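As a plain string of letters, each chain reads:
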Amino acid sequence: MSSLTPYLLTADVGGTNSRMGLYSIDSTEPLVVKYYRNEDCLTQKEDGIFEKNVIAPFLRHCWESNASALKPLEEVEIIGCLAIAGPVRSNAVWMSNLHNIEIDGTAIANHSHVKNDPYLERIQVCKIINDFVAQGYGCLTLKPAEMVELKPGSLDKMDSQGPKVCVGAGTGLGECFLTPDSQGRYSCFPSEGGHVEWAPRNALEIELWNYLRNKFSYRSRLSVERVVSGPGLANVYEFLAFKFPDRIDPKVHAEFEKETDMKAKVVAVNSKEGSLCLQAMEIMMGAYGSEAGSSAIKFIPTGGLFVTGGLTPKNIKFIEGQDSPFMKAYNDKGRVKPILDYVPAFAVLTEDLGVRGAHKCAVLEYETYLVAADLKRKRG
């Protein structure tokens, strides 16, 4: 056993901010949290710029502002997990919306780009995961009060060794799955399931499919994410306004047209009875439920299917209940519908899964680190 005191370093890195956290090994509450604006810190493509301008300053801040609460720097080792928006390959991610900057976990742990920094030298492991994979790991931390059963009796049906699936709509549509090893420790795997083809389910949706296919200049396909996401909800409303101009509410439509990134919020807030906004919500939520049900059929996640993402808690009335647009579509699986009876399904009400998931992943990485260190000692 190492004589050094372990700390866990986490990051939740989006397009705008990087949320950094430092934890003691035995607590889920952070000792220190600090936000960094990416446009201030990540100004150009440069090897090691993230560890140089974000990680090192954060660790310095931790020890300079909390010296009495932390062990001396030379007596610690740090295990890191960074959850970052973007595709991960070989423990590295390229941030396409930020100068294509590379954040390489192996280089961070090996101190390859920034030499002789006393804070970075304490990092022994640095795992890079996709931001939605972090949501998957976050599902491992959920308590019953943080979820709504979408299928009655789901909590009792959960298989402690079964695969799990996470589907979540927000700015995009994320999907991932988790499987356990022989010790019951789950690993989460990324997916680009949000970009599979969307299949319209009635005549009006066929018109929507053609409208969006032309809008995005696709010949023969349309991604589910074009309908099931915040921007997707805006796409659906835009189509309905085109299809039914006599039903447009001028005030709401003017507000919708004025917005850029918040069009979906305008639709959700104004989803009153008989409105185009309500119809748009019902179409989008039906497509959401259909995709979640398809994921349940593909993976048969007896460990649980978790509906996460920013749209879920904000619009739970469209999701829970067997007569909701979401659940009607979820259950509409024809001959294979009985398979869904074996799948526990939940809507997740908490919105901090990414942060919790990065911490959970860091804990798992620390356990792996200990096992590897023990084997190394035994081999001499």
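Everything discussed here concerns the structure shown above.
The structure presented is a predicted model; accordingly, all values stated were derived computationally and were not measured.

A. Focus on the sheet that holds strand β3 (residues 32–37). Strands sit in the order β3-β2-β1-β4-β8 across an open sheet of five strands; the sheet is mixed. Each of the sheet's edge strands pairs with one partner strand only, and the pair in question is β3 and β8 (123–130). Mean inter-strand twist for the sheet, computed between neighbouring axes without regard to direction, equals 15°. In this structure, strand β2 (residues 17–24) lies alongside β3, joined through six bridges in antiparallel fashion. The partner of L22 across the bridge, within β3, is V32. Running over the sheet, helix α2 (residues 49–65) touches β1 (5–13), β2, β3, β4 (76–84) and β8 and is turned about 40° from β2.

B. Spotlight on the nonpolar core. Among the nonpolar cores identified, the biggest contains 50 residues, and V228, Y288, F326 and Y330 are the most heavily contacted of them. It is helix α10 (residues 276–299) that contributes the most residues to this core, twelve residues altogether. The next biggest cluster of nonpolar side chains, apart from the first, holds 38 residues, and it includes Y36, V54, V76 and I103.

C. Region of interest: α2. Helix length check: α2, at 17 residues, gives a terminal C-alpha distance of 23 Å against a target of 24 Å (1.5 Å per residue), a fit within 8%. Within the span of α2, buried status applies to I49, F50, E51, V54, I55, A56, F58, L59, C62 and W63.

D. Focus on unusual backbone geometry. For N91, which is not glycine, the phi torsion reads 60° and is therefore positive. If you trace the backbone, N91 turns up in the loop between β5 (88–89) and β6 (92–95). Within the chain, S217 stands out as a residue other than glycine whose phi angle is a positive 60°. Its place among the elements puts S217 in the loop between α6 (203–215) and α7 (230–243). The class for S217 is exposed, based on a relative accessible area of 66%.

E. Up close: the pairing of β6. Alignment of β5 against β6, held across two bridges, turns out to be antiparallel. Considered in β6, the bridge of R89 is made with A92. Here β5 hands over to β6 after two residues, with S90 in that stretch at a positive phi of 55°. Here four bridges tie β6 to strand β7 (residues 101–104), and the two strands are oriented antiparallel to one another. Pairing of W94 across the sheet is with E102, part of β7.

F. A look at the sheet that holds β7. In spatial order, the strands read β5-β6-β7; together these three strands make up an open sheet with antiparallel pairing. The sheet is open, and its two edges are formed by β5 and β7, each paired on a single side.

G. Broad picture of the side chain of K151. Position of K151 among the secondary structure elements: in the loop between β9 (147–149) and α5 (154–157). A relative accessible area of 8% places K151 in the buried class. Discounting residues that sit within four places of it in the chain, K151 has contacts with M327, Y330, N331, L340, D341, V343 and A345.

H. Spatial organisation of the packing of helix α4 (residues 131–139) against helix α13 (residues 353–378). Between α4 and α13, the shortest axis-to-axis distance is 6 Å and the interhelical angle comes to 75°. Taken together, α4 and α13 sit at an angle that is classed as roughly perpendicular. Between α4, through A134, Q135, Y137, G138 and C139, and α13, the contact on the second element is made entirely by L353, G354, R356, G357, A358, K360, C361 and L364.

I. Looking closely at the pattern of salt bridges. Tallied over the entire structure, the rule returns 13 salt bridges. Note that R185 and E367 form a salt bridge whose closest N and O atoms lie 2.6 Å from each other. Here the residue R185 occupies a position in the loop between β11 (173–180) and β12 (186–191), and E367 occupies one in helix α13, the gap between them amounting to 182 residues. A residue is classified by how much of its surface remains accessible, and R185, at 26% relative accessible area, is partly exposed. When salt bridges with common partners are traced through the structure, they connect E146, D352 and R356 into a single cluster.

J. Highlighting the packing of aromatic side chains. All chains considered together, the criterion is met by eleven aromatic pairs. Pairing Y211 with F239 gives two aromatic rings, centres 5.6 Å apart and planes at 55°, and the pair type is tilted. Remark: F239 occurs in helix α7 and Y211 occurs in helix α6; sequence separation between them is 28 residues. Ring centres of Y211 and F242 lie 5.4 Å apart, and the angle between their planes is 40°; on these two criteria the pair is classed as tilted. Placement of the pair is Y211 in helix α6 and F242 in helix α7, with a sequence separation of 31 residues. Among the aromatic residues, those joined into a cluster by ring pairs are F177, F189 and F299.

Reading guide: rules and limits
- Residues numbered from 1 in each chain as written.
- Predicted model: local features only at pLDDT ≥ 70, side-chain atom pairs only at ≥ 80, totals over all residues.
- Heavy atoms only, no water.
- Pairing = 2+ DSSP bridges.
- Helix = DSSP H or I, 4+ residues; strand = E, 2+ residues; numbered from the N terminus.
- Axes fitted to C-alpha atoms, helices over the stretch in contact; angles between N-to-C directions.
- Contact = heavy atoms within 4.5 Å.
- Core = buried A, V, L, I, M, F, W, Y, C linked by side-chain atoms within 4.5 Å.
- Buried < 20%, exposed > 50% of the residue type's maximum accessible area, 1.4 Å probe, protein only.
- Expected span 1.5 Å × (residues − 1).
- Parallel < 35°, antiparallel > 145°, perpendicular 65-115°, else oblique.
- Salt bridge = Lys/Arg side-chain N within 4 Å of Asp/Glu carboxyl O.
- Phe/Tyr/Trp six-rings, centres within 6.5 Å; stacked < 30°, edge-to-face > 60°.

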